[in-house]
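# Overview (structure and organization)
Here is what each chain is made of, one letter per residue.
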Amino acid sequence: MAKVHVFNAGPCLLPQAAIDASIEALKDFKGTGVSLLSISHRTKEWESVMDECRSLWKELLNIPDTHEVVFLGGGASLQFLYVAMNFLEKKAAYLDTGVWAHKALKEAQGIGEAYALACSKDKNYSYIPKDYEIPSDLDYFHITTNNTIYGTEIKEDMACPVPLIADMSSDILSRPVDVSKYTMIYGGAQKNAGPAGVIFAIIRKDALGKVSRYIPTMLDYRTHIDKESMFNTPPVFSIFVMNETLKWVKSMGGVEAVHKLNLKKAETIYNEIDRNSLFVGTAAKEDRSIMNVCFVMAPGHEDLQDEFMAYAKSQGMIGIKGHRSVGGFRASIYNACTQEDVEALVACMQEFEKLHK
């Protein structure tokens, strides 16, 4: 089979080492003679995986003792509700930088007073708002650090006068993060940390229990912290693959080393977009994501979109079609995407340009 280069926005390209370990565990989990799919989550063999996975999160992100890591099902979209249930007492503000940020805000508005402090919809979410002040009377300020659909990213940990909560679904583990600056960080695993089916949540423990409302047992983060993410049966397979993915990140030299690789990949493809006469980037240059590279045909060449899509596919490029709401192209270059993959896409863009000179 010809070499393929996977740029899917999610589920992501996973490290081959994690895939191989998962295949073996499906056949025989830790020498038990039982498939991972059939193992009891109450066995010491499984508990060791849970312990190792939590430990790796804490090690890779230097998570302080003030915070705990939990693993839950339901996707990041369910966390939009969890966040409001656990932290919204009087008022919260959201930075509206795209579809997922807007959906998070909508869920909070169903619980209490929540509003968009700043929004970039006026330019189709092509930039990160910067001219705003965070009021000191908020229960929390919520941000979405990376916007997969529009290719923008908040790349630094902001100073915030109120509790800061971040959806880091699509850029977690791609760069160093000062976890101490956040009351909570959460996200779906399927962009950088593993397969679909599990979310991670990194929560400051003393920030919980401050709201007056009743929180249903399953929606209360304290439930899952107290029971070490096993109040009910956890998504065993997804957590196993997550653990293997974290082991791969550590083997690569940790988050700092992976970040350097990500910066090089992003620079390589953005340089080609800026050079190539047939393409143009859609995100403001200062806010370009190092995870999701979004671009379109340059003005006057729009009629070549379908032709380039077909040409790229013939060259082994998988998953570069832009989100259905914005069109164009999107190359998602998550951690497991290699420099070789990126250079193959760049070569494809260059060859296509030669065909149309």
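Anything mentioned here points back to the structure above.
A short tour of the structure in this document, coming up. Every value quoted in this text rests on a predicted model; they were computed, and no experiment measured them.

Bringing the overall build of the chain into the picture now. Secondary structure assignment for the chain yields nine helices and 14 strands. Expressed as lengths along the three principal axes of its C-alpha atoms, the size of the chain is roughly 65 × 55 × 30 Å. Residues counted as buried form 54% of the 357 residues belonging to the chain. Within the chain, contacts between residues separated by at least 24 positions form 66% of all contacts whose residues are at least 6 apart in sequence. Taken as a whole, the chain presents about 15,400 Å² of accessible surface, with 51% of it coming from carbon and sulfur.

All right, on to the nonpolar core then. Ranked by internal contacts, the top residues of the largest apolar core, which has 50 residues, are W46, W57, L61, F71, F141 and I185. Elements supplying a minimum of two residues to this core: α2 (44-60), β2 (67-72), β3 (91-96), β5 (140-144), β8 (164-167), β10 (199-204), α6 (236-251) and α7 (255-275). F141 has contacts with A93, Y94, L95, L117, Y132, I134, M158, C160, V162, P163, L164 and I165, leaving out every residue within four places of it along the chain. By size, the runner-up hydrophobic cluster in this structure holds 34 residues, among which are V293, L304, M317 and C337.

Attention now moves to the sheet that holds strand β14 (residues 329-332). Within a sheet, neighbouring strands are paired by backbone hydrogen bonds and run either parallel or antiparallel to one another. With respect to topology, three strands assemble into an open sheet ordered β11-β12-β14, the strand pairing being antiparallel. Only two strands of the sheet have a single partner each, and these edge strands are β11 (279-281) and β14. The sheet shows a mean angle of 35° between the axes of neighbouring strands, taken without regard to direction. Sheet topology note: the strand β12 (residues 292-297)/β14 ladder contains four bridges and is antiparallel.

Here we take up unusual backbone geometry. Here the residue pair G10 and P11 is connected by a cis peptide bond, since its omega of -5° sits within 30 degrees of zero. Within the secondary structure, P11 sits in the loop between β1 (5-6) and α1 (16-27). One non-glycine residue, N124, adopts positive backbone phi at about 55°. Tracing the backbone through its elements, the reader meets N124 in the loop between β4 (113-119) and β5.

Size it by volume and the largest pocket reaches roughly 420 Å³. Together, 25 residues line the largest pocket, and A9, W100, T148, Q190 and K191 are the ones closest to its centre. With four residues, the single largest contributor to the lining of the largest pocket is helix α3 (residues 75-87). Per-class residue counts for the lining of the largest pocket are six nonpolar, 14 polar and five charged.

Time to look at the pattern of salt bridges. This structure, assessed with the given rule, holds 18 salt bridges. Residues D220 and R222 are paired through a salt bridge, measuring 2.8 Å at the closest nitrogen-oxygen approach. For D220, a relative accessible area of 9% puts it in the buried group. What makes R222 partly exposed here is its relative accessible area of 37%. With its nearest N and O atoms 2.8 Å apart, the salt bridge here joins R275 to E353.

Cut-offs and rules
- Residues numbered from 1 in each chain as written.
- Predicted model: local features only at pLDDT ≥ 70, side-chain atom pairs only at ≥ 80, totals over all residues.
- Heavy atoms only, no water.
- Helix = DSSP H or I, 4+ residues; strand = E, 2+ residues; numbered from the N terminus.
- Buried < 20%, exposed > 50% of the residue type's maximum accessible area, 1.4 Å probe, protein only.
- Contact = heavy atoms within 4.5 Å.
- Areas by Shrake-Rupley, 256 points an atom, 1.4 Å probe, with all protein chains shown as cover.
- Core = buried A, V, L, I, M, F, W, Y, C linked by side-chain atoms within 4.5 Å.
- Pairing = 2+ DSSP bridges.
- Axes fitted to C-alpha atoms, helices over the stretch in contact; angles between N-to-C directions.
- 1 Å grid on protein atoms, 1.4 Å probe; cavity = no way out; pocket = protein on both sides within 12 Å on 5 of 7 lines; lining within 4 Å.
- Points joined across faces, edges and corners; volume = space filled by probe spheres on them.
- Nonpolar A, V, L, I, M, F, W, Y, C, P; charged D, E, K, R; others polar.
- Salt bridge = Lys/Arg side-chain N within 4 Å of Asp/Glu carboxyl O.

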